[in-house]
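# Secondary and tertiary structure notes
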Amino acid sequence: MKKSLGKFIAEHLVFFICAAAVAGGVVFSLFVLSAYTAPLSSGIADLSVQDGNTNGWEVYAEENGKKTPLAYEGGGYYSGLSYPGQAFYASRVMKEAFDEPILQVEGSSVAFSIFLDGELLYTDDPAAGNQIGALNFSGKIVSRIMPLQLTLPPGYSGKTLTIAQSQPFSEKQDWDGSVFFGPVALYGNTALQSIYVAQATQAAYPAMLLAVLGFSLAALFLYQLYHKKVDPGVLFLALFALLWMADTLLRSKLSYYYYGSSTAMAEQYLYFGCFVFLSLFLADRMRRCRRFFLPFVIAQAAAIVLCAVSPLLPYGDFSVFLMTFPQLVSFISILAAIGLSIVEACRGTSFFRLFVKLLIVAAAAFGGVYLVSLIGGTDFHREFNQNMAASFRTGLFYYPLVFLRYFLIFSCFLVTLVEFIRSIVQRNVTLRMLELKNSMAKESYDQLNRYTEQTMILRHDLKKHLAVVDAFLQEGKEQSARDYLRGLNASFGEKAHISNTGNYLIDTILGSKFAEAEQKGIRTKITCGPIPERLPVADMDLCSLLLNSLENAVHAAQKAENRFLAVNIRFKNGFLYYSCENGAGHPAHAAGSARPADGTHGYGLPIMEQIVEKYRGVMNIESTDVSFKLSVAVPAEDFPSGRL
């Protein structure tokens, strides 16, 4: 075995080297590309106020030269303003030193004025003034999709940065006077660019992968449709991937920067719609549990309709429930799909047997990552636990659905790919077998024609020879008649093997192939019994069965030391029995497995197995170092007489 393995590796060394080079290139490329999904860690400073850490900020209100410190309430909120709309200030000394520094301040609906050592650098509201402590914002709401970004001048380090902020009128300010000081960050130019690249690639890579997957599945559906095979499940899976791609793009930060919150409802429909198509795909693949799962699919579609209607209703608990209802229904439906998939797998459905195995593999891989995180002390397991706990606590199952979606797309796509490859292989094998059948049928037809022609010539010549012998006898030349018969016998050579089963097709095939075997120096023997002229086996199948075994038996016997061929065929007790035994120099030279240079006999056994299985028969093979025997028994009682 070791020698064979070493020989196999040596023979395919070039292939293994090329495969290793390709795999190494793919891994290296993925490693390089993955670097663009994470921003640079240097050149970034988070200056936001955090609980327990003011980050050096002094937050206050100032009027008429009097500073009034604001009290921190937590979560970025401060209290202590005198009236709604009053400007407040946040100041700190800039200790960071970045090249090409860019200040980023978040606030979607407020106006800012930014000062460096008391000098105005930027303002959203020029009418507010340009002096710290004397600003009077107009109270207008600023529509800002992206955070405010401002390039700081050289030499900013060591100077005092002051951010003045307006507050729009709101109910919250009317009753408690609190204000919110949003996140602030400082970036080097290169670091900020890396963040944009990371945000783009984090959305683009999955979207491109899903696009390739979706359009590949759509092409597969069209390919099958072209070959007159309609598989709606493949189309459902393609739509699932394409809707997921669109949802991924719309949920990216860049999409939010471009379109704002106007795409929020579209995101919801795409998100829940992709689960509907995933459920339709799984329902299409189900055989025994489909009727139990279809109500879940219908409920998903109905929940999306209710979600679309919810904005038309008065805002309240009921409308909010309708907006989140599809999450609950989709989560329950996916769990039901997984449970019914296990039932389908246990009942032998081929798709779900592999599907469930892949789910187990994916779950085991996730368990390994979780365990590594738990042992290594990383944040992955903590974030997972927190998100899952929050989902079940709030009844919003967005995170579990995203989690399950990755598992299911992995399993669904791989099983669909395996199914497609299996169908292509089966189709090619079937075409090859049909081609071989047709080729062998033509060869058999030509051989039978030659054999019949030789028989007719022999009959024609035999009349002449008998006339000559009769003439010698009439003239009393008995010795001349004997001499003529001896010469005639010598010219004919050994007599042709003739079987007499009563079935013309079987007798003709056996006579033709045994004559060929004897010409090649192979000893032959036929044992036969009476066989009906009409058998419950199609002539094409019977011809292919006999010719496959005899062709390969003759080929194998030629290479054996004991060159023999023995056939036993008879019809008894409602069964057609047939056995073919030949000498063999090695078990690999068995009939049906011998593979000559032209490759015409390599599919002998698969063809015979298919024929025997078609008629619910049995086939047995006995192989030794010196012989090979093939035995076939085909029942006849369960089939109507004549051709099938």
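Our subject in this report is the structure included herewith. Predicted model only: the values in this text are computed from it and were never measured. (Residues numbered from 1 in each chain as written. Predicted model: local features only at pLDDT ≥ 70, side-chain atom pairs only at ≥ 80, totals over all residues. Heavy atoms only, no water.)

Below, the discussion takes up the overall build of the chain. A tally of regular secondary structure across the chain gives 16 helices and 18 strands. Expressed as a percentage of the 644 residues in the chain, the buried residues total 41%. Put simply, 71% of the contacts in the chain that link residues at least 6 apart link residues at least 24 apart. Total accessible area on the chain stands at roughly 35,500 Å², and carbon and sulfur atoms take up 62% of it. (Helix = DSSP H or I, 4+ residues; strand = E, 2+ residues; numbered from the N terminus. Buried < 20%, exposed > 50% of the residue type's maximum accessible area, 1.4 Å probe, protein only. Contact = heavy atoms within 4.5 Å. Areas by Shrake-Rupley, 256 points an atom, 1.4 Å probe, with all protein chains shown as cover.)

Right, let's talk about the sheet that holds strand β16 (residues 575-583) for a bit. In spatial order, the strands read β14-β15-β16-β18-β17; together these five strands make up an open sheet with mixed pairing. Edge positions in the sheet fall to β14 (523-528) and β17 (618-623), since each has one partner strand and no second. On average, adjacent strands in this sheet sit at an angle of 10 degrees to one another, irrespective of strand direction. In this structure, β17 lies alongside strand β18 (residues 627-635), joined through six bridges in antiparallel fashion. Bridging from a neighbouring strand, Ile-621 pairs with Leu-630 of β18. Contacting β15 (564-572), β16 and β18, helix α15 (residues 539-558) crosses the sheet at an angle of about 15 degrees to β16. (Pairing = 2+ DSSP bridges. Axes fitted to C-alpha atoms, helices over the stretch in contact; angles between N-to-C directions.)

Below, the discussion takes up empty space enclosed by the protein. Taken as a whole and judged by the stated rule, the model has one cavity of 30 Å³ or more. In this structure, the largest cavity spans a volume of roughly 80 Å³. If you trace the largest cavity, you find 13 residues lining it, with Leu-542, Leu-545, Leu-576, Val-632 and Val-634 closest to the centre. Elements that contribute at least two residues to the lining of the largest cavity include exactly α15, β16, α16 (604-614) and β18. A class-by-class count of the residues in the lining of the largest cavity yields 13 nonpolar, no polar and no charged. (1 Å grid on protein atoms, 1.4 Å probe; cavity = no way out; pocket = protein on both sides within 12 Å on 5 of 7 lines; lining within 4 Å. Points joined across faces, edges and corners; volume = space filled by probe spheres on them. Nonpolar A, V, L, I, M, F, W, Y, C, P; charged D, E, K, R; others polar.)

The description of two aromatic rings rests on the distance between their centres and on the angle between their planes. Evaluated as defined, the whole model comprises 30 aromatic pairs. Relative to Phe-325, the ring of Phe-321 has its centre 5.3 Å away and its plane inclined at 40 degrees; by these criteria the two rings are tilted. One end of the pair is Phe-321 and the other is Phe-325, both in helix α9 (residues 317-346) and four residues apart, which spans about a single turn. Take Phe-321: its relative accessible area is 42%, and that puts it in the partly exposed class. Taking 6.2 Å as the distance between ring centres and 40 degrees as the angle between the ring planes, the aromatic pair formed by Phe-366 and Tyr-370 counts as tilted. Of the two residues, Phe-366 and Tyr-370 are both situated in helix α10 (residues 350-376); the distance of four residues between them amounts to about one turn of the helix. Classification of Tyr-370 as partly exposed rests on a relative accessible area of 21%. Following the ring pairs from residue to residue traces out a cluster consisting of Phe-366, Tyr-370, Phe-380, Phe-384, Tyr-399, Phe-403 and Phe-407. The positively charged end of Lys-67 is found above the aromatic ring belonging to Tyr-60, 4.6 Å away from the centroid. (Phe/Tyr/Trp six-rings, centres within 6.5 Å; stacked < 30°, edge-to-face > 60°. Lys NZ or Arg CZ within 6 Å of the ring centre and 35° of its normal.)

Counting buried residues along strand β8 (residues 112-116), five of its five residues qualify, which places the element largely inside the surrounding structure. Of the pairings in the sheet, the one linking β8 to strand β11 (residues 160-165) comprises five bridges and is antiparallel in character. Bridging from a neighbouring strand, Phe-115 pairs with Thr-162 of β11.

Here the focus is the nonpolar core. With 54 residues, the main nonpolar core has Phe-293 and Phe-355 as its most contacted residues. Of all elements in the fold, only α4 (189-226), α5 (232-250), α7 (264-285), α8 (290-309), α9, α10, α11 (380-394) and α12 (398-474) reach the threshold of two or more residues within this core. (Core = buried A, V, L, I, M, F, W, Y, C linked by side-chain atoms within 4.5 Å.)

It is the contact of α7 with α8, at a shortest axis distance of 10 Å, that shows an interaxial angle of 170 degrees. By the criterion of interaxial angle, the relationship of α7 to α8 is roughly antiparallel. Contact residues: Met-265, Tyr-269, Phe-272, Gly-273, Phe-275, Val-276, Ser-279, Leu-280, Ala-283 and Asp-284 in α7; Arg-290, Phe-293, Leu-294, Val-297, Gln-300, Ala-301, Ile-304, Cys-307 and Ala-308 in α8. Residue composition of the contact of α7 with α8, by class: 14 nonpolar, three polar and two charged. (Parallel < 35°, antiparallel > 145°, perpendicular 65-115°, else oblique.)

Here the focus is the environment of Phe-275. Here Phe-275 shows up in helix α7. Placed 58 residues apart in sequence, Phe-275 and Ser-333 show a C-alpha to C-alpha distance of 9.0 Å. Discounting residues that sit within four places of it in the chain, Phe-275 has contacts with Gln-300, Ser-330, Ile-334, Leu-401 and Arg-405.

If you walk across this open sheet you meet the three strands as β4-β5-β12, and the pairing is antiparallel. The open sheet has two free edges, formed respectively by β4 (71-74) and β12 (178-180), since each of these has just one partner strand. Each strand axis lies, on average, 35 degrees off the axis of its neighbour in the sheet, ignoring direction. Strand direction decides the pairing type here: strand β5 (residues 77-79) and β12, joined by three bridges, are antiparallel.

This next bit is on α4. Counted at 1.5 Å a residue, the expected span for α4 with its 38 residues is 56 Å, and the 54 Å between its end C-alpha atoms agrees. Positive backbone phi, approximately 60 degrees, marks Lys-228, located one or two places after α4. (Expected span 1.5 Å × (residues − 1).)

The next subject is the layout of surface pockets. In this structure, the second largest pocket encloses a volume near 810 Å³. Together, 23 residues line the second largest pocket, and Gln-202, Pro-206, Trp-244, Thr-248 and Tyr-406 are the ones closest to its centre. Mapped onto the lining of the second largest pocket, the elements with two or more residues apiece are α4, α5 and α12. Top element by residues in the lining of the second largest pocket is α4. It accounts for nine residues. Of the residues belonging to the lining of the second largest pocket, the class tally is 15 nonpolar, four polar and four charged.

Tallied over the entire structure, the rule returns 12 salt bridges. The residue Asp-247 makes a salt bridge to Arg-251 at a minimum N-O spacing of 2.7 Å. Among the ionic pairs, Arg-285 bridges to Glu-419, the shortest N-O distance being 3.5 Å. Here Glu-419 lies in helix α12 and Arg-285 lies in helix α7, a separation of 134 residues in the sequence. A residue is classified by how much of its surface remains accessible, and Arg-285, at 5% relative accessible area, is buried. For Glu-419, a relative accessible area of 25% puts it in the partly exposed group. One connected set of salt bridges, linked through shared partners, spans Asp-231, Asp-284, Arg-285 and Glu-419. (Salt bridge = Lys/Arg side-chain N within 4 Å of Asp/Glu carboxyl O.)

In this structure the tally under the stated criterion is zero disulfides. Its sulfur unpaired, Cys-289 is 9.8 Å from the next cysteine sulfur, which belongs to Cys-346. We classify Cys-289 as buried; its relative accessible area is 3%. (Disulfide = S-S within 2.5 Å.)

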